[in-house]
Amino acid sequence: INQSTSGVAGKKDTKRIGILDIYGFEVFDWNSFEQLCINFANEKLQQHFNSHMFTLEQQVYSEEGIQWSHIEFEDNAKIIDALEKKPVGLFC
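This structure is a prediction, so every number in the text was calculated from the model and none was measured.

Enquirer: Explain the overall build of the protein to me, please; I cannot follow it from the model alone.
Expert: Scanning the protein for helices and strands turns up three helices and zero strands. The order of helices and strands in the protein, counted from the N terminus, is α-α-α. When burial is assessed residue by residue, the protein has 16% of its 92 residues classed as buried. At a minimum sequence separation of 6, the contacts of the protein that also span at least 24 residues come to 42%. Roughly 8100 Å² of accessible area belongs to the protein as shown, and the carbon and sulfur atoms make up 56% of that amount.

This is the structure we're talking about:
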């Protein structure tokens, strides 16, 4: 991968591979404010993903009479609220 994305020496155009990890976070002994903001953005992405993939899709399945096993998932709304909900969220 490194060799195929390294590009040609002297050229500014390089190839890149972007990866979004919506399930895990790094665990450090010490986290900076920047890392908190990154984790917050990841939590917001996770919330969006969960809403569409679990809540809304299961709602459509019910409306269309599709049989399936209900999927339980952990809602991260409390984490989001602790950071952004007015008036006491950390970022408010």
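From this point, the discussion proceeds with the structure in view.
Enquirer: Teacher, can you tell me more about the packing of aromatic side chains here?
Expert: In this description, an aromatic ring pair is defined by two values, namely the gap between the centres and the angle between the planes. In the structure shown here, the tally under the stated rule is five aromatic pairs. Each ring, one from F33 and one from F91, has its centre 6.1 Å from the other, and the planes form 90°; the classification is edge-to-face. Here F33, found in helix α2 (residues 33-63), pairs with F91, found in the segment after α3 (77-84); they are 58 residues apart in sequence, far enough to count as distant. On the basis of relative accessibility, which here comes to 56%, the residue F33 falls in the exposed class. Its relative accessible area of 33% is what places F91 among the partly exposed residues.

Enquirer: Any chance you could explain the pattern of salt bridges here in plain terms?
Expert: Pairs may arise between side chains of opposite charge once their charged atoms sit close together. For the coordinates displayed, the defined rule picks out one salt bridge. Where K44 meets E84, a salt bridge forms, and the shortest distance between an N and an O atom there is 2.9 Å. Highlighted residues: K44 in helix α2 and E84 in helix α3, separated in sequence by 40 residues. Among the residues examined, K44 registers a relative accessible area of 31% and is labelled partly exposed. By relative accessible area, which is 32% here, E84 ends up partly exposed.

Enquirer: What should I look at first to understand unusual backbone geometry in this one?
Expert: Backbone geometry follows two general trends: most residues other than glycine have a negative phi, and most peptide bonds adopt the trans configuration. For the bond running from K86 to P87, omega is 5°, close enough to zero to count as cis. Here P87 is to be found in the segment after α3.

Reading the values: the criteria
- Residues numbered from 1 in each chain as written.
- Predicted model: local features only at pLDDT ≥ 70, side-chain atom pairs only at ≥ 80, totals over all residues.
- Heavy atoms only, no water.
- Helix = DSSP H or I, 4+ residues; strand = E, 2+ residues; numbered from the N terminus.
- Buried < 20%, exposed > 50% of the residue type's maximum accessible area, 1.4 Å probe, protein only.
- Contact = heavy atoms within 4.5 Å.
- Areas by Shrake-Rupley, 256 points an atom, 1.4 Å probe, with all protein chains shown as cover.
- Phe/Tyr/Trp six-rings, centres within 6.5 Å; stacked < 30°, edge-to-face > 60°.
- Salt bridge = Lys/Arg side-chain N within 4 Å of Asp/Glu carboxyl O.

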